[in-house]
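Each chain, letter by letter, is given below.
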Amino acid sequence: MCQEAIVHANDLCSFLPRHRLTHIFRLVSRGNARVNGAVESLIEEFHGNIDVWTMVRRVGDLEHKIVVTGLSERQARTIRDELKGLEGNLKVCLEHLFQISSDPA
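Predicted, not measured: the structure shown is a model, and the values here were computed from it. (Residues numbered from 1 in each chain as written. Predicted model: local features only at pLDDT ≥ 70, side-chain atom pairs only at ≥ 80, totals over all residues. Heavy atoms only, no water.)

A. Quick peek at the overall build of the protein chain. Within the protein chain, the secondary structure is distributed over three helices and four strands. Overall, the protein chain shows an N-to-C arrangement of helices and strands of α-β-α-β-β-α-β. Looking at the 105 residues of the protein chain, the share that counts as buried comes to 33%. Considering only residue pairs separated by 6 or more positions, the protein chain has 71% of its internal contacts joining residues 24 or more positions apart. Carbon and sulfur atoms provide 50% of the accessible area of the protein chain, an area that totals close to 6700 Å². (Helix = DSSP H or I, 4+ residues; strand = E, 2+ residues; numbered from the N terminus. Buried < 20%, exposed > 50% of the residue type's maximum accessible area, 1.4 Å probe, protein only. Contact = heavy atoms within 4.5 Å. Areas by Shrake-Rupley, 256 points an atom, 1.4 Å probe, with all protein chains shown as cover.)

B. The packing of helix 2 (residues 36-45) against helix 3 (residues 73-84), seen in detail. Packing of helix 2 against helix 3 brings their axes to within 10 Å, and their N-to-C directions diverge by 155°. On the basis of their axis angle, the class for helix 2 and helix 3 is roughly antiparallel. When the axes of helix 2 and helix 3 are compared, the crossing they make is right-handed. Seen from helix 2, the contacting residues are V39, L42 and I43; seen from helix 3, they are I79, E82 and L83. The residue inventory of the contact of helix 2 with helix 3, partitioned by class, reads five nonpolar, no polar and one charged. (Axes fitted to C-alpha atoms, helices over the stretch in contact; angles between N-to-C directions. Parallel < 35°, antiparallel > 145°, perpendicular 65-115°, else oblique. Left-handed = near helix turned anticlockwise from the far one by under 90°. Nonpolar A, V, L, I, M, F, W, Y, C, P; charged D, E, K, R; others polar.)

C. The arrangement of helix 2 in detail. All buried positions along helix 2 are accounted for by V39, L42 and I43. What you see down the axis of helix 2 is that its buried residues fit within an arc of 95°, all on one side. For helix 2, the elements touching its buried residues are strand 1 (19-30), strand 2 (49-58), strand 3 (61-69) and helix 3. Directly beyond the C-terminal end of helix 2, a positive phi value near 65° is found at H47. (Arc of directions from axis to C-beta.)

Written out as C-alpha cells, the structure is:
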C-alpha cells in the first residue's frame, strides 16, 4: 500500500470523488494564553493548511475559528485531542465539512 493510501485510509473523502474535506477547529482560550504558536505548529506537523483563522475577544477569553484543509479525519481528531491538553485552552470543538467540487474530474 502506498504512503498516500495509508495516510488517507481513514478519510471518507477518498471514497467520494469530487469531495473535499475541510475541518473547523473552534477553540476558547484565556486572553493571556499564548496558544497560537502551538496550534499552528501542530497543524503544520500533520501537513495541514490553514485557510482562515479568526479570533474574537470576549470578556477575558479569545475565541478562535480555524479552517484547515489537507488533513484526514483521523489527523484532525488527533490534533483536537492534542489541543485539549494545551495550557490556557478552555474548550476545543472540531467540525468536519464536505465540499463538493464542480469539476467533473
